[in-house]
Amino acid sequence: QSVLTQPPSASGTPGQRVTISCSGSSSNIGSNYVFWYQQLPGTAPKLLIDRNNLRPSGVPDRFSGSKSGTSASLAISGLRSEDEADYYCAAWDESLSGLVFGTGTKVTVL
Amino acid sequence: EVQLVESGGGLVQPGGSLRLSCAASGFTFSRNWMTWVRQAPGKGLEWVANIKQDGSEKYYVDSVKGRFTISRDNAKNSLYLQMNSLRAEDTAMYYCARGELPDYWGQGTLVTVSS
């Protein structure tokens, strides 16, 4: 089950800034790191943001993450056509003793 | 280069069993937690299970407890998922991933449970 809530879709034109929210609770986002994954069509997920706001090697600085309380967000600035993908947030949940994912957001570049 | 290659997926009847494998390379397997994540067709990601470096701790999502068993062989750099009493709702792409909080993912192996 998805414990973290994301908007189902987001869109923008090339060059615009898009923000995706991720809402959780005190047992997950409120007490642990948040991770963001990008899943391009037909491929495996890829780690996009590590530990709230760190970009793994090779991830463009157009992608940024933030966290406040029991919510987190992913921002994509300078939107490009290759950013069309599904995006998922994730965090460890202390109550469930397991990793929980967000419901996923499909980003469309208009 | 980190590589994770899953195998063992396929078509199985409800109530049947399947064993998934994941061959790891490019990193020190024995020093990492390992995780299985699944994705039903057209749906989101769901964490299935993970296992500590030495296999002494294992955690499962409630829906697979008592039916699935995660294990590892550090000598063979391999991760496994034994799936018993399979149900239609277990149909999904199963991904092997490195870490308790996954960083690298394999390409997945498809499990279809259908009569």
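Residues numbered from 1 in each chain as written. Chains lettered and ligands numbered in written order. Predicted model: local features only at pLDDT ≥ 70, side-chain atom pairs only at ≥ 80, totals over all residues. Heavy atoms only, no water.

Draft legend 1. Inspection of the pairing of strand β3 (residues 18-25) of chain B at higher detail. Residues and elements named next belong to chain B. Burial of the side chains of β3 is restricted to one face: L18, L20, C22 and A24 are buried, whereas none of R19, S21, A23 and S25 on the reverse face is. In this sheet, β3 lies alongside strand β1 (residues 3-7) in antiparallel orientation, the contact comprising five bridges. Within β3, the position partnered with S7 by the bridge is S21. Bridge count between β3 and strand β8 (residues 78-83): six bridges; the pairing is antiparallel. Residue pairing across strands places R19 opposite Q82, the latter belonging to β8. (Buried < 20%, exposed > 50% of the residue type's maximum accessible area, 1.4 Å probe, protein only. Helix = DSSP H or I, 4+ residues; strand = E, 2+ residues; numbered from the N terminus. Pairing = 2+ DSSP bridges.)

Draft legend 2. Inspection of the layout of surface pockets at higher detail. Counted as a void, the largest pocket has a volume near 430 Å³. The set of elements that each furnish at least two residues to the lining of the largest pocket consists of β4 (46-49) of chain A together with β1 of chain B. Of the residues belonging to the lining of the largest pocket, the class tally is eight nonpolar, six polar and three charged. If you add up the space inside the second largest pocket, you get close to 210 Å³. If you trace the second largest pocket, you find 18 residues lining it, with A:Q39, A:L40, A:G42, A:T43 and B:Q39 closest to the centre. Of all elements in the fold, only β7 (85-93) and β9 (105-109) of chain A together with β9 (92-98) of chain B reach the threshold of two or more residues within the lining of the second largest pocket. Broken down by element, the residue count for the lining of the second largest pocket peaks at three residues, all from β7(A). (1 Å grid on protein atoms, 1.4 Å probe; cavity = no way out; pocket = protein on both sides within 12 Å on 5 of 7 lines; lining within 4 Å. Points joined across faces, edges and corners; volume = space filled by probe spheres on them. Nonpolar A, V, L, I, M, F, W, Y, C, P; charged D, E, K, R; others polar.)

Draft legend 3. Looking closely at the sheet that holds β8(B). Residues and elements named next belong to chain B. Here four strands make up an open sheet; going across it, the order is β1-β3-β8-β7 and the pairing antiparallel. Single-partner strands in this sheet number two, and they are β1 and β7 (68-73). On average, each strand axis in the sheet is inclined to that of its neighbour by 15°, with strand direction left out of account. (Axes fitted to C-alpha atoms, helices over the stretch in contact; angles between N-to-C directions.)

Draft legend 4. Quick look at the packing of aromatic side chains. Using the criterion set out here, one finds nine aromatic pairs over all chains in the structure. Ring geometry for A:Y37 and B:W105: centres 5.2 Å apart, planes at 75°, overall edge-to-face. Taken as a pair, A:Y37 in strand β3 (residues 35-39) and B:W105 in the loop between β9 and β10 (109-113) lie in two separate chains rather than in one. B:W105 shares its class with A:Y37; the two are buried. Both rings, one in A:W92 and one in B:Y59, keep their centres 6.3 Å apart while their planes meet at 85°; by these two values the pair is edge-to-face. Separated into two different chains, A:W92 in strand β7 and B:Y59 in strand β6 (residues 58-60) make up a pair that spans both. (Phe/Tyr/Trp six-rings, centres within 6.5 Å; stacked < 30°, edge-to-face > 60°.)

Draft legend 5. Quick peek at the interface of chain B and chain A. In this assembly, 17 residues from chain B lie in contact with 14 residues from chain A. A buried area of about 1,500 Å², summed over both sides, lies between chain B and chain A, and 66% of it is on carbon and sulfur atoms. Three residues stand out in chain B for area buried against chain A, namely B:L45, B:W47 and B:L101, and they jointly supply 40% of the buried area on that side. Where chain B touches chain A, the interface holds four residue pairs in polar contact (both at pLDDT 80 or more). In terms of residue count, strand β5 (residues 45-51) of chain B provides more of the side of chain B that touches chain A than any other element does, four residues in total. Taken together, the residues of the side of chain B that touches chain A break down into eight nonpolar, five polar and four charged. (Contact = heavy atoms within 4.5 Å. Buried area = accessible area lost by both parts, 1.4 Å probe. Polar contact = N/O pair within 3.5 Å; in protein donor to acceptor, adjacent residues only side chain to side chain.)

Draft legend 6. Focus on the state of the cysteines. In this structure the tally under the stated criterion is two disulfides over all chains. The disulfide partner of A:C22 is A:C89, and the gap between their sulfur atoms is 2.0 Å. Of note, the bridge from A:C22 to A:C89 carries an S-S torsion of about 75° and is right-handed in sense. Of this pair, A:C22 sits in strand β2 (residues 18-23) while A:C89 sits in strand β7, and the two are 67 residues apart along the sequence. Classification of A:C22 by relative accessible area gives buried; the value is 1%. Covalent S-S linkage joins B:C22 and B:C96, the inter-sulfur distance amounting to 2.0 Å. Between B:C22 and B:C96, the disulfide has an S-S torsion of -60° and is therefore left-handed. Of this pair, B:C22 sits in strand β3 while B:C96 sits in strand β9, and the two are 74 residues apart along the sequence. Residue B:C22 shares its accessibility class with B:C96, and that shared class is buried. (Disulfide = S-S within 2.5 Å.)

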